[in-house]
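The chain contents come next:
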Amino acid sequence: HSCSSRGVEVERRSCPQASEIHCTTMSTVHDQYPDLVTNADLERARSKAVEHELVKWGPLALFLTFALTLGLSAFISIRLSEGSPCGEWLCDISVYGGWPKNGAEQIVFRTGFVLIALQCLVICCGRCRLIESWTCTIFYGAAIVAMLMMAFIPFYASPVHFYSAAGTFACLALGQWSDATNDRRASPSMTTARKAMIIATVTFFGIWFGAENFAEVDWPVLEYMAAFLPFLYFTTWSYQLLTLPTGLHYLLIKEMPIVT
C-alpha cells in the first residue's frame, strides 16, 4: 500500500478499536512515509515511549520499595529492642523507623525513603508529561521534601517529624486530586475510584493524627491504611497503561487514502 499526506490527521493518543482508523507506530510511518512524520516527531515519540514505560512499571516498583523499607525497618527495630519497641502488637511507622535511638533501623528507614523520593520524582514528572498537566508537580515536589524531613528527623527528637508527615499526606492528596481531575483519558469509574482513595487517605490519617497528638489514643492500623493508599493510587497509573491497546507514543491516522 501507499499513502499520500492529503487529508491525513495525525494525533498522539491511544488507538481505539475502529475499522476506519489505521493505527501504527511512528517509526513505521516514518520509514514508509518520511514526508509525513519528521525526525523530530520520531524523537518525541521515542521520548513518550520511555515515559510510558516508566509510568507503567514505576509505581509497582515504588510500592515494593515502600513495603520492603517498612518491613525491614520493623524487623530490625523488633530485633534490636528484643520485642515490640512500643510494647504493643503493632507500633507506629515512626517507631519502627527510629527506635532504638541510632539503631540500624534508622539507616534502612532513611535509605528507603531516599529511594522512594527519587522514584517519586521520576515517575511523577513522567506522569505529568503524559497527562500534559504540570500543576500536580508542585504538590508532589512539596510532598517529597516533607517526606524526607519526616524520615531524617526522628519522632523523639522534634514534633517537626509529625508535622512533616502531615505535610506529606496533605501535599500528596492535593497532587493526586489534581492528577485525577486532569487525566482526560481515565474512565469516569477510574476517576471516582481515585478520588475515593484520596478521601480515604485523608480521613484515615486525620483520625490517626488527631487521636495520637490530641487525645493520646494510638490507632496504628489507621496510619498504615493511610500510608499504603497513596502508593495504591499510583498503581492505578500502571493499570491504566497496561489495559490500553497501545501506548501514547502511537499515532492515529484518520481518513488515510489507500492505494493498492
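Since this is a predicted model, take the numbers as computed values, not measurements. (Residues numbered from 1 in each chain as written. Predicted model: local features only at pLDDT ≥ 70, side-chain atom pairs only at ≥ 80, totals over all residues. Heavy atoms only, no water.)

**Q** Describe helix α4 (residues 104-130), and please don't skip the residues or the numbers.
**A** Compared with the 39 Å implied by 1.5 Å per residue over 27 residues, the 39 Å span of α4 between its first and last C-alpha is a close match. Phi turns positive, to about 55°, at Glu 132, one or two residues after α4. (Helix = DSSP H or I, 4+ residues; strand = E, 2+ residues; numbered from the N terminus. Expected span 1.5 Å × (residues − 1).)

**Q** Could you give an account of the state of the cysteines, naming the residues involved and the relevant values?
**A** Evaluation of the coordinates by the stated rule reveals two disulfides. At a sulfur-sulfur separation of 2.0 Å, the disulfide partner of Cys 86 is Cys 91. Every disulfide takes its handedness from the sign of the S-S torsion; for Cys 86 and Cys 91 that torsion is -95°, giving left-handed. Given a relative accessible area of 0%, Cys 91 falls into the buried group. (Disulfide = S-S within 2.5 Å. Buried < 20%, exposed > 50% of the residue type's maximum accessible area, 1.4 Å probe, protein only.)

**Q** Give a detailed account of the nonpolar core, specifying residues and quantitative values.
**A** Ranked by size, the top nonpolar core spans 47 residues in total, and within it Phe 113, Ile 116, Tyr 140, Phe 234 and Trp 237 carry the most contacts. If we ignore the near neighbours within four places in the chain, the residues touching Ile 116 are Leu 62, Thr 65, Phe 66, Thr 69, Met 147 and Phe 231. (Core = buried A, V, L, I, M, F, W, Y, C linked by side-chain atoms within 4.5 Å. Contact = heavy atoms within 4.5 Å.)

**Q** Report on the environment of Met 225, specifying residues and quantitative values.
**A** Here Met 225 shows up in helix α8 (residues 220-242). Judged by its relative accessible area of 36%, Met 225 is partly exposed. In this structure the C-alpha to C-alpha distance between Met 225 and Thr 201, which are 24 residues apart in sequence, comes to 7.4 Å.

**Q** Help me get a handle on the packing of aromatic side chains, residues and values and all.
**A** In total, this model carries 19 aromatic pairs according to the counting rule given. An angle of 75° between the planes, with centres 5.0 Å apart, marks the rings of Phe 66 and Phe 228 as edge-to-face. Of this pair, Phe 66 sits in helix α2 (residues 39-81) while Phe 228 sits in helix α8, and the two are 162 residues apart along the sequence. Taking the relative accessible area as the measure of exposure, Phe 228 reaches 26% and is therefore partly exposed. Between Phe 169 and Phe 205, the aromatic rings sit 4.2 Å apart at their centres with planes inclined by 20°, giving stacked as the arrangement. Within this pair, whereas Phe 169 is found in helix α6 (residues 160-182), its partner Phe 205 is found in helix α7 (residues 188-214), the two being separated by 36 residues in sequence. Take Phe 169: its relative accessible area is 17%, and that puts it in the buried class. By relative accessible area, Phe 205 is classed as buried at 7%. (Phe/Tyr/Trp six-rings, centres within 6.5 Å; stacked < 30°, edge-to-face > 60°.)

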